[in-house]
Amino acid sequence: MGLKQNLHSFKEKNKDKKWLPAFSAIHTFLFLPNETTHNGTHIKAADDLKRTMNTVIMAMVPCLIFGMFNAGYQHYLAFGEIQQATGGFLSAQFWTLDNFAVGFWKVIPLVIVSYVVGLAIEILFAIKNNHEVEEGYLVTGMLVPLIVPIDTPLWMLAVAVVFGVVIGKEVFGGTGMNILNPALTIRAFLFFAYPTWMSGDKVWVAGAVERDQMIAAGQNVDAISGETILGSLAQGKSVGYDVMDMFYGLIPGSVGETSTLLILLGALFLIFTKIGSWRIMLSSVVGALVMGLIFNGLVSADVISEGSKFYGLMSTEFWHHLLIGGFAFGTVFMATDPVTASQTNKGKWIYGFLIGFLSIMIRVFNPAYPEGVMLAILLMNVFAPTIDHYVVQGNVKKRMKRVKAKVA
Amino acid sequence: MSKDIKIKKGLDIKLVGEAEKATENAIISNFYSIRPEDFHTIIPKLVAKEGTRVKAGETLFYNKDNEAMKFVSPVSGEVTEVQRGPRRRIDAVKITADKEQTYLDHGKFDLNSDAEKTKAHLLATGCWSFIKQRPYDVVAKADSTPKAIFISGYASAPLAADLDYTLAGKEAELQAAVTALAKLTEGGVHVSVGKNSNSPLANLQNTITHKVSGPHPSGNVGTLINKVNPVNKGETVWTVNAQDLVIIGELLLTGKFNAERIIALAGSSVKKPRYFRTKLGSEIATMIYDNGVEREGNDRIISGNVLTGKQVQPDGYLDYYSNVITVIPEGDDYELFGWNKPVFNKISTSRAMTFSWLNPKKKYDLNTNTNGEHRAFVTTGTYEEVFPLDIYPMQILKACMYKDLDEMEALGMYEVAPEDFALTEFVCVSKQPHQKIIREGLDLMLKEIG
């Protein structure tokens, strides 16, 4: 085969070149390398890091495509050009080419910026540190466009990606060494660096910000509100969506986070392929339900009056929390990041539970920005090594006890 | 206190090319080679210089740290070459064998002798080399007293020689060997046998038999130790390979060091996989070509099994401790989109478009391709699925990599040998060299703590 031979001789010829990792990164996407085992096991299992990462991306693709349709749908809905879809998940009003076209042209640039900027930094660091390009960013790069609001300006995204990859990951030594989930670091950076842009009710619908600027310029048009459900609840407003809309994802929100149905499918796929940790996902859901029940209990015990600013979110039925906001997406795709999560099986239970528990707590008590899951995961990322430390100490103590039993 | 051991965590790697249960006499090798590297950390002091004539069982070299510990020639003949490496390190002592074999007579040993005498006899006759110790997985120190001795009579590794078959009829030798070993410890000689096997090891006197079942590494001696009586700080256990008991036993009974061993020739590159009667240190070439591998073939020859063995060249020699030669195809070729296409012909513990879970009984023809490049540790929980010891595998590997002696000790480094990490290395998504990391960790501890 010509191509195979040509690439091989090219690689051999340029073996000692500094930029070889950049070539190898592309080469190994085409061909599984010809590397053989030396000492140690002479055979190896079929999985490598690329396959693992690719599996996660496959699980996210349905969310991405749905996100494109939803972006268009929310756009036309807010502009009053179409009626609310009534046919559930398969509504004809939702799956239209018009919707897709709007979404496609909004979402694809986000994907491209995320990958180009992120991978460029990865390759630079790989060349500088003289190692192969690690695959960690393949997943991060796909996560990023899915967890940002649709109207995020591309330059902001680019700045955030640079920050997230360099400060969130490379300073710790790159893939496998980072403490914080890089995708969430990027999102957190966006929200704390550009709060006026990122919070509020405008960025969630494509075109709403532009419309606002037109009004400010004195044009006579209606303002558009594309408030998320969490935003409405935090302000004590009623929600205009029924539960099935929330489950299917026909609601405003970050690009890929709205469809709980598709996220659930992704979760099942990740659990089945054994790539995602079912322990973290399950315990996180349990944690969220427990916190939701506690708040519901407080409301029914009349501890919180209807006038309280926390009333809206506290009185939300506990299991609705799983369907709204980024909880489902965060739990399935980001809490399970193996590098930043707890690494011991016991630790994963504790880590997941606390993520769910804290997500809902932050949601309720932080009405300025009622999205808890991002902060909860970042917080638990920081605590994961501590959790693991105590789990491993349990094993160490058992060993020390054995010695003591002998001496006694 | 015999105890049945049933493990769930592990992985049976089923490969094509299992040896058929028929034994042939290997072509008698003209050359034999004993390589000090097989005895990790032992520095040899040469006795038989080039040109010396030796009988089978006569000393070739001894341990520099303990002159009593001899390493002997497997055959009679002439020492024709002492290969040396950098800094005059001895790489191999090569013996050209006589046509007629003569044996040094060590004398029939009285099995009722006390521990001191038994120890001295084993050291002097070269049989000590078969006794290894943990911690550190090295030839046992002669001045150590083990809290127990462990022998695995169940081979669960891929394409391993079936010990029930290779040891059949050797009951007398096995009994003599374990009787002698039992003198050397208070904690007894623990022997594991397969649950449904009729192992000649099952009915020995002076032993404690454990029936084991479950996937590989159920037959690893490390698993047996961990489940029966794990090594604590300051303690030592000894291990002996079952097939080497035969050599020890025969020496005790007859006074002859008979290095004969039945080994399996296995692997998908072998035309007719079967068993051979040969001697340790024998040339590999005497076994692999007749109904075996193609002379021009692109194959990997391994002295040992595919998980823990050493790569050898066709003109290489049988490893001192191996009872299997495995030959599998080299995998030095590219595979278009090999990283993302569905995979049916390789083994995987995940289901990430890998389909070995569909048919757990299927036998695979694996080659030596790494199926991906070396990366940092990323995934978690995959090692635990195939690692039955009560130890955190990833944490201990990382402790070895950053050389934290206290942490290595606390996490259980005294209990492990590199082979215990063969399966975690096999499944490792990041293609990290686990066994090498553990070996280097053990060497560091041996140097710093001793």
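No experiment lies behind these values; they were computed from the predicted model shown.

About the cut-offs
- Residues numbered from 1 in each chain as written.
- Chains lettered and ligands numbered in written order.
- Predicted model: local features only at pLDDT ≥ 70, side-chain atom pairs only at ≥ 80, totals over all residues.
- Pairing = 2+ DSSP bridges.
- Helix = DSSP H or I, 4+ residues; strand = E, 2+ residues; numbered from the N terminus.
- Buried ≥ 20, exposed ≤ 12 C-beta atoms within 10 Å, placed from the backbone.
- Arc of directions from axis to C-beta.
- Contact = placed C-beta atoms within 7 Å.
- Core = buried A, V, L, I, M, F, W, Y, C linked by C-beta atoms within 7 Å.
- UniProt positions renumbered as here; feature names shortened; annotations may be inferred.
- Axes fitted to C-alpha atoms, helices over the stretch in contact; angles between N-to-C directions.
- Nonpolar A, V, L, I, M, F, W, Y, C, P; charged D, E, K, R; others polar.
- Domains from an automatic or database assignment.
- pLDDT = per-residue confidence, 0-100.
- Expected span 1.5 Å × (residues − 1).
- Bend = angle between axes of the 7 residues up to and from the residue.
- Parallel < 35°, antiparallel > 145°, perpendicular 65-115°, else oblique.
- Left-handed = near helix turned anticlockwise from the far one by under 90°.

Q: Explain the pairing of strand 9 (residues 90-97) of chain B here, please?
A: Residues in a regular strand point their side chains to alternate faces of the sheet. All names here are of chain B. The sheet contact formed by strand 3 (residues 31-34) and strand 9 spans four bridges and is antiparallel. When the bridges of strand 9 are listed, F31 appears paired with T96. Counting the residues between successive antiparallel strands, the hairpin from strand 8 (residues 77-84) to strand 9 contains five residues, one of them, R87, with a positive phi of roughly 55°.

Q: I would appreciate a short explanation of helix 1 (residues 115-124) of chain B in the present structure.
A: Structurally, the α-helix is built with 3.6 residues per turn, so residues lying three or four positions apart point the same way. Residues and elements named next belong to chain B. Inspection of helix 1 places T118, K119, L122 and L123 among the buried residues, and these make up the whole buried set. Buried residues of helix 1, seen end-on, are gathered within an arc of 130° and therefore sit on one face of the element. Considering only its buried residues, helix 1 is in contact with strand 7 (66-72) and helix 3 (171-182). With its phi angle positive at about 90°, G126 sits one or two positions after the end of helix 1.

Q: Would you mind going over the nonpolar core with me for this structure?
A: The nonpolar side chains of a soluble globular protein tend to be buried with one another. Counting residues in each nonpolar core, the largest one holds 238 residues, and the members touching the most others are I377(A) and I325(B). Apart from residues lying up to four places away in sequence, I325(B) is in contact with I263(B), L265(B), I284(B), M287(B), I288(B), I301(B), I302(B), S303(B) and L318(B).

Q: What is the right way to look at the UniProt feature "modified residue: FMN phosphoryl threonine" (unreviewed entry) in chain A in this model?
A: Residue and element names in this part refer to chain A. Listed under "modified residue: FMN phosphoryl threonine" (unreviewed entry) in the UniProt record, and renumbered for this structure, are T228. Within the secondary structure, T228 sits in the loop between helix 9 (208-216) and helix 10 (229-234). In this structure T228 touches W204, P252 and G253, once residues within four positions along its chain are discounted.

Q: I tried to follow the pairing of strand 17 (residues 274-279) of chain B on my own but got confused; where do I start?
A: All names here are of chain B. As defined by bridge partners, strand 2 (residues 20-25) adjoins strand 17 across four bridges and the pair is classed as parallel. Residue pairing for strand 17: N25 is matched across the bridge by R277. Here six bridges tie strand 16 (residues 260-266) to strand 17, and the two strands are oriented antiparallel to one another. Counted as the bridge partner of I262 is R277 from strand 17.

Q: What's the story with the sheet that holds strand 10 (residues 131-134) of chain B in this structure? I'm lost.
A: In a beta sheet, neighbouring strands pair by backbone hydrogen bonds and run either parallel or antiparallel. Residues and elements named next belong to chain B. Across the sheet, which stays open at both edges, the seven strands sit in the order 1-14-13-12-15-10-11 with mixed pairing between neighbours. What marks the edges here is a single partner per strand, and that holds for strand 1 (5-6) and strand 11 (138-139). Along the sheet, helix 4 (residues 221-228) contacts strand 1, strand 10, strand 12 (148-152), strand 13 (189-194), strand 14 (207-213) and strand 15 (237-240); its crossing angle with strand 12, the most-contacted strand, is approximately 135°.

Q: Just to check I follow, could you spell out the environment of G107(B) for this structure?
A: Its location among the elements puts G107(B) in the loop between strand 9 and helix 1. Residue classification places G107(B) among the exposed residues on the basis of 11 C-beta atoms within 10 Å.

Q: I tried to follow the interface of chain B and chain A on my own but got confused; where do I start?
A: Interfaces are often sized by the accessible area lost when the parts come together. Each side of the interface is counted separately: chain B has 62 residues, and chain A has 50 residues. Going through the elements one at a time, strand 18 (299-303), strand 21 (335-336), helix 7 (393-401), helix 8 (405-411), helix 9 (422-427) and helix 10 (434-448) of chain B are the ones with two or more residues in the side of chain B that touches chain A. Looking at which element gives the most residues to the side of chain B that touches chain A, the answer is helix 9 of chain B, with four residues. Classifying every residue of the side of chain B that touches chain A by side-chain character gives 25 nonpolar, 22 polar and 15 charged. Sheet analysis places strand 1 (residues 31-32) of chain A next to strand 21 of chain B, joined by two bridges and oriented antiparallel. Its bridge partner lying in strand 21 of chain B, L32(A) is registered against E335(B).

Q: What exactly am I supposed to notice about the UniProt feature "domain: NqrA second alpha/beta" (unreviewed entry) in chain B here?
A: Summarizing the sequence annotation, UniProt attributes the feature "domain: NqrA second alpha/beta" (unreviewed entry) to residues 114-257 of chain B in the numbering used throughout. The distance from the first to the last C-alpha atom of residues 114-257 of chain B is 21 Å, and the span holds 33% helix and 19% strand.

Q: Just to check I follow, could you spell out the domain arrangement of chain B for this structure?
A: All names here are of chain B. Examined at the domain level, chain B breaks down into domain 1 (31-97), domain 2 (107-254) and domain 3 (370-448). Between the C-alpha centres of domain 1 and domain 2 the distance comes to 25 Å. Taken together, the contacts link 11 residues of domain 1 with nine residues of domain 2.

Q: What should I look at first to understand the confidence of the model for chain B in this one?
A: Reading fine detail from the predicted coordinates is not recommended where pLDDT is low. Residue and element names in this part refer to chain B. When pLDDT is averaged along chain B, the result is 92; 100% of the residues meet or exceed 70. Here strand 21 stands out as the element of chain B with the lowest mean pLDDT, 85, in contrast to strand 15, whose mean of 96 is the highest. Predicted complex, confidence summary: ipTM 0.91, pTM 0.92.

Q: Explanation requested: helix 3 (residues 49-78) of chain A in the structure shown.
A: Residues and elements named next belong to chain A. Taking 1.5 Å per residue as the helical rise, helix 3 with its 30 residues ought to reach 44 Å, and the 42 Å between its terminal C-alpha atoms agrees with that figure. Along helix 3, the helix axis deviates most sharply at M60, where the bend reaches about 35°; the proline P62 sits within four residues downstream. With respect to burial, helix 3 is a largely interior element, 23 of its 30 residues being buried. Immediately beyond the C-terminal end of helix 3, within one or two residues, lies G80, with a positive phi of roughly 75°.

Q: Explain the packing of helix 13 (residues 278-300) of chain A against helix 15 (residues 327-334) of chain A here, please?
A: Packed helices, taken two at a time, are described by the angle their axes make and the gap between the axes. All names here are of chain A. Their axes nearest at 9 Å, the elements helix 13 and helix 15 cross at an angle of 150°. When the interaxial angle is binned, helix 13 and helix 15 end up roughly antiparallel. The two elements helix 13 and helix 15 cross, and the hand of that crossing is right-handed. Along its contact with helix 13, which presents M281, S284, V285 and A288, the element helix 15 presents F327, T331 and V332. Its residues placed into classes, the contact of helix 13 with helix 15 shows five nonpolar, two polar and no charged.

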